[in-house]
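Below are the chains, spelled out letter by letter.
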Amino acid sequence: MAEGENKLKLYSYWRSSCSFRIRIALNLKGLEYQYIPVNLLKGEQFSPEFQKLNPIGYVPVLVDGDIIISDSFAIFMYLEEKYPQHPLLPSDLAKKALNFQAANIVSSSIQPLQNLAVLKYIEEKVSPDEKIPWTKFHIEKGFEALEKLLKDHAGEYATGDEVSMADLFLAPQILAGIERFNVDMAKFPLLSRLNEAYSELPEFQNAKPENQPDAPSA
Ligand SMILES: N[C@@H](CCC(=O)N[C@@H](CS)C(=O)NCC(=O)O)C(=O)O
């Protein structure tokens, strides 16, 4: 096998919060991977080659040998089982369920409402001025729920003193809220504190949008 052929491949876009989750997981687990950029603004997600990997045309996609997985939740679960080093799910069942719940608030109840396709639809069919208020409303609704959900469980990180799944989903969403959608984080003290904790971790920092090879300033 030629060098690099057995490396994991991650199809990603620098600004994609869903890809960011998986970049953090790969970094924490110490897994090297080949970064394959998919330019969402140029519509590369709609190319027949990419749609063969993920028929719905979203990043991230992970390729591990013959195995192709898309959807960050599924990729996360796959990585956790196949590469158990640095576990990212607590063994305690209630805490594990809390991680699933927090991750799903981000991945099912916030991010889909700010996805590129949705924003484009609002811009074209409703009004360009509605894009930010729409997104902000849904992010803040989700953040309010997350503050309530996590307040009695958080330690240094979202569900205790270890970094776990919930943190991998929260970090990119908080950053997007701050940097792209003008969310006023003063209303979310717990999430603000977590965001500071994430800024201390190199595995999170290296996974940030601006540190990706396809970032405009890279
Ligand atoms: N549930 C999927 C959602 C994936 C998703 O929405 N990806 C976005 C980037 S974060 C995307 O590829 N958008 C392209 C588009 O809207 O055309 C996941 O968690 O991976």
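Just so we're clear, the structure is a prediction, and the values are computed from it rather than from any experiment.

### With respect to the sheet that holds strand β1 (residues 8–12)
Adjacent strands of a sheet pair through backbone hydrogen bonds, lying either parallel or antiparallel. If you walk across this open sheet you meet the four strands as β2-β1-β3-β4, and the pairing is mixed. Both outer strands of the open sheet, β2 (33–37) and β4 (67–70), are each paired with one neighbouring strand and no more. Neighbouring strand axes in the sheet, compared pairwise and without regard to direction, differ in orientation by 20° on average. Bridge count between strand β3 (residues 61–64) and β4: four bridges; the pairing is antiparallel.

### A short note on the site of the ligand
Close to the ligand lie 16 residues; Q45, V59, D71, S72 and N115 are nearest. Contact distances for the ligand include 2.8 Å between a nitrogen atom and a backbone N or O atom of V59. The contact in question runs from an oxygen atom of the ligand to an N or O atom on the backbone of A117, over 3.2 Å. Taken by itself the ligand offers 520 Å² of open surface, and the protein chains cover 91% of this. Here the ligand is seated within the largest pocket. Put simply, the parts of the chain that give the shell around the ligand at least two residues each are α1 (17–28) and α5 (116–126). Residue contributions to the shell around the ligand peak at three residues, all from α1. Across the shell around the ligand, the residue classes break down as eight nonpolar, six polar and two charged.

Parameters and conventions
Residues numbered from 1 in each chain as written. Predicted model: local features only at pLDDT ≥ 70, side-chain atom pairs only at ≥ 80, totals over all residues. Heavy atoms only, no water. Pairing = 2+ DSSP bridges. Helix = DSSP H or I, 4+ residues; strand = E, 2+ residues; numbered from the N terminus. Axes fitted to C-alpha atoms, helices over the stretch in contact; angles between N-to-C directions. Near = heavy atom within 4 Å. Polar contact = N/O pair within 3.5 Å; in protein donor to acceptor, adjacent residues only side chain to side chain. Areas by Shrake-Rupley, 256 points an atom, 1.4 Å probe, with all protein chains shown as cover. 1 Å grid on protein atoms, 1.4 Å probe; cavity = no way out; pocket = protein on both sides within 12 Å on 5 of 7 lines; lining within 4 Å. Sits in = over half its atoms within 2 Å of the grid points. Nonpolar A, V, L, I, M, F, W, Y, C, P; charged D, E, K, R; others polar.

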